[in-house]
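An overview of the molecular structure
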There are 2 protein chains.
Amino acid sequence: MKKVIIIGYGPAGVTAAIYLKRTGIDSLVIGKDLGALDGYSDLVENYYGLQEPIEGNKLIQQGVDQAKKLGIQVITDSVISLKQSEMGFTVQTQHKTYEALSVLLATGKTRQTLNISGFTKFRGKGISMCATCDGYFYRRKKLAIIGCGAYMQHELEYLNRISSDVTVFTHGNELTCEVQNTVIKDIVLSFKGDEKITHIVTDKGEYPIDGVFIALGVPSSVDFASQLGVIVEKNNISVDENYQTNIEGLFAAGDIIGGKLQIAKSVYDGMQAADSIYSYLKNKSKKA
Amino acid sequence: MKKVIIIGYGPAGVTAAIYLKRTGIDSLVIGKDLGALDGYSDLVENYYGLQEPIEGNKLIQQGVDQAKKLGIQVITDSVISLKQSEMGFTVQTQHKTYEALSVLLATGKTRQTLNISGFTKFRGKGISMCATCDGYFYRRKKLAIIGCGAYMQHELEYLNRISSDVTVFTHGNELTCEVQNTVIKDIVLSFKGDEKITHIVTDKGEYPIDGVFIALGVPSSVDFASQLGVIVEKNNISVDENYQTNIEGLFAAGDIIGGKLQIAKSVYDGMQAADSIYSYLKNKSKKA
């Protein structure tokens with residue numbers, strides 16, 4: 001049982017871990033492969049204290065190194081699901097399952113979105129980003145899930161319980177997990193329909209469909225949050241003044257809670273969230 | 001006429017300057033000699049992104065270098081007085097006088113306090129840190145001012161207007177400015193009195209006195225703020241949610257406004273204050 005699991009090892013996550021360490025609380029920090037950090041290659045020059053402008057992903061690597069030097073456990077893995085458990089939370093990664101009393105979501109805002117014609121039009125009208133959230137509305141329907149890895153597999157498990165007709169579209173990728181469903185490796189070109197989605201159009205044909213679930217790549221904090229019923233407003237996770245979501249013990253910090261998308265703000269968030277997590281754990285241990 | 005003068009080149013001041021620069025606003029940043037930064041030699045290791053733990057004053061130097069590289073004007077000088085003017089503020093340093101539309105106080109919290117017996121007991125009961133604030137209560141009294149440089153000289157000017165009997169105590173230092181008053185170079189050992197201060201005791205004798213003004217070293221933000229009538233609570237400058245003090249156009253950020261005395265917090269403050277100063281200047285130019 002971990003006291004805290006921090007998902008994301010950017011500025012917010014690492015800062016929270018450093019400040020928690022200062023109060024004697026060890027956290028496990030889980031971040032995804034730095035190679036996957038697209039969109040973080042821009043030069044950072046406005047973060048205080050930099051000797052030279054530095055690429056975003058190098059700064060993140062530097063932060064990870066800093067945390068490790070301070071004795072913080074940092075691992076590279078992909079979290080594919082987050083669930084509430086009796087004691088707190090169950091965090092499932094591609095390789096392992098962890099239990100934690102509290103969780104800090106700090107994955108930043110990058111997420112796989114689909115640059116496919118019709119995606120924006122049908123989002124919420126047949127296209128969903130969260131099987132647990134929306135699956136219920138698609139009971140016994142003809143469904144598609146787009147994805148190829150562990151995250152897709154996890155979402156698919158849920159969909160298979162509500163429908164016997166779920167097709168996997170890998171969107172041109174190789175499947176990196178095992179599934180029993182029909183798998184189509186075509187590249188998806190567009191989504192078609194009138195009011196609601198009716199077809200997936202690929203480079204090789206058209207497939208009639210009632211609902212499409214997107215589970216490409218690795219889920220974002222918003223995905224985790226949605227799975228748990230956390231309030232999300234305009235793609236930002238809602239937190240109170242203590243950086244706690246509407247679920248007790250689940251905290252969020254950094255870009256994912258909105259506000260300025262700046263390292264300075266994420267670092268500040270991380271520091272403040274560490275404080276709140278510390279208080280939360282202290283109270284919890286008093287009650288126990 | 002400067003748009004913004006930032007007093008202090010620590011994390012808050014430099015961050016504000018960097019963010020202002022981003023919005024196209026040039027500021028003048030004035031900081032005191034880094035050699036004078038006592039109490040900043042501790043190792044910093046909990047600020048996000050550091051490759052190695054770094055001494056506080058080295059980090060400050062690094063911040064100054066960063067600002068300069070980004071084209072920000074940073075000078076080393078001692079601000080000895082801050083006054084409101086028709087257009088905004090007059091900032092007087094040891095070497096020059098500047099005019100600015102707005103000012104950000106970000107000097108941090110280090111200040112010369114006196115490790116002299118009786119100082120705490122008589123503070124507010126005959127010992128004052130601000131001639132402009134308290135001088136009025138000492139009209140035509142027998143006064144002493146403790147100090148040796150430009151700041152003392154500035155405070156003395158005021159005192160000379162309210163009393164013809166002001167003695168300068170250099171507390172063992174050489175005088176670095178010219179004054180017409182009696183100068184005593186003894187080392188001050190203690191302050192004596194019952195309810196109120198009655199004597200200054202030095203290594204060479206006792207001097208009867210009604211009031212003592214302290215003006216050693218360089219004034220802190222709290223000193224400036226006091227001079228202007230800014231609300232100060234528990235040695236913290238009070239600011240609103242926009243980092244503005246009760247005086248329009250006068251902002252404060254960093255340790256000086258209270259809260260966590262952490263670089264992460266000062267940097268955040270600096271970023272947020274820059275935003276507010278930007279808005280303030282924009283509104284001001286609209287009205288003009």
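Cut-off values and rules
- Residues numbered from 1 in each chain as written.
- Chains lettered and ligands numbered in written order.
- Predicted model: local features only at pLDDT ≥ 70, side-chain atom pairs only at ≥ 80, totals over all residues.
- Helix = DSSP H or I, 4+ residues; strand = E, 2+ residues; numbered from the N terminus.
- Buried ≥ 20, exposed ≤ 12 C-beta atoms within 10 Å, placed from the backbone.
- Contact = placed C-beta atoms within 7 Å.
- Nonpolar A, V, L, I, M, F, W, Y, C, P; charged D, E, K, R; others polar.
- Pairing = 2+ DSSP bridges.
- Axes fitted to C-alpha atoms, helices over the stretch in contact; angles between N-to-C directions.
- Least-squares fit on C-alpha atoms with pLDDT ≥ 70 in both.
- Core = buried A, V, L, I, M, F, W, Y, C linked by C-beta atoms within 7 Å.
- Domains from an automatic or database assignment.
- Right-handed = clockwise from strand over helix to strand, strands pointing away.

Turning to unusual backbone geometry, a few remarks are in order. All names here are of chain A. For Lys234, which is not a glycine, the phi torsion comes out positive at approximately 50 degrees. Within the secondary structure layout, Lys234 lies in the loop between β17 (232–233) and β18 (236–237). The class for Lys234 is exposed, based on 6 C-beta atoms found within 10 Å. Look at Tyr243: it is not a glycine, yet its phi comes out positive at around 65 degrees.

The next point concerns the interface of chain B and chain A. Note on interface size: it is often stated as the accessible area lost on association of the parts. Taken together, the contact pairs 24 residues of chain B with 24 residues of chain A. Going through the elements one at a time, α1 (11–22), α2 (56–69) and α7 (263–287) of chain B are the ones with two or more residues in the side of chain B that touches chain A. Ranked by residue count, the leading element in the side of chain B that touches chain A is α1 of chain B, at six residues. Class assignment for the residues of the side of chain B that touches chain A results in 13 nonpolar, eight polar and three charged.

A separate point is the sheet that holds strand β14 (residues 197–202) of chain B. Residues and elements named next belong to chain B. Strand order in the open sheet made by the three strands is β13-β14-β15, with antiparallel pairing throughout. Edge positions in the sheet fall to β13 (188–193) and β15 (206–208), since each of these pairs with one other strand and no more. In this sheet, adjacent strand axes meet at a mean angle of 25 degrees when their direction is disregarded. In this structure, β14 lies alongside β15, joined through three bridges in antiparallel fashion. Paired with Ile200 across the two strands is Tyr207, which belongs to β15.

It is worth spelling out the sheet that holds strand β13 (residues 188–193) of chain A at this point. In any sheet, the strands associate via hydrogen bonds between backbone groups, in a parallel or an antiparallel arrangement. Residue and element names in this part refer to chain A. Taken together, three strands build an open sheet; the order of strands is β13-β14-β15 and the sheet is antiparallel. This sheet does not close on itself; its edge strands, each paired only once, are β13 and β15 (206–208). Taking each pair of neighbouring strands and ignoring which way they run, the sheet shows an average axis angle of 25 degrees. Of the strand pairs in this sheet, β13 and strand β14 (residues 197–202) are connected by five bridges, and their pairing is antiparallel. Bridge pairing in β14 links Ser190 to Val201.

Under the fitted operation, chain B is carried onto chain A by 0.0 Å of movement along the axis and a turn of 180 degrees, and the coordinates agree to an RMSD of 0.1 Å. Both chain copies can therefore be described as sitting about a two-fold axis. Measuring from the rotation axis to each C-alpha of chain B, the shortest distance belongs to Tyr268 of chain B, at 3.1 Å. When the interface residues of chain B are mapped onto chain A, 100% of them again fall at the interface, so both copies present the same face.

With that out of the way, let us pick up the nonpolar core. In this structure, Ala16, Leu104, Leu105 and Ile145 of chain A together with Ala16, Leu104 and Ile145 of chain B are the most contacted members of the largest nonpolar core, which totals 175 residues. Per-element accounting of this core gives the leading share, 10 residues, to helix α7 (residues 263–287) of chain A. When near neighbours in sequence (up to four residues on either side) are disregarded, Ala16 of chain B contacts Ile6, Leu104, Ala106, Ala253, Gly270, Ala273 and Ala274 of chain B.

This next bit is on the domain arrangement of chain A. Residues and elements named next belong to chain A. Its domain assignment divides chain A into domain 1 (2–111 + 219–287) and domain 2 (119–214). The C-alpha centroid of domain 2 is placed 29 Å from the C-alpha centroid of domain 1. The interface is formed by eight residues belonging to domain 1 together with seven residues belonging to domain 2. Sorting the residues of the side of domain 1 that touches domain 2 by element identifies β6 (79–84) and α6 (221–228) as the ones contributing at least two each.

All names here are of chain B. Both strand β1 (residues 2–7) and strand β8 (residues 97–105) contribute to a ladder of five bridges, which runs parallel. In the strand pairing of β8, Val4 is matched with Ser102. Relative to strand β2 (residues 27–31), β1 runs parallel, the two being bridged by four bridges. Along β2, the bridge assignment pairs Ile5 with Leu28. Taken together, β1, α1 and β2 form a β-α-β motif whose crossover is right-handed.

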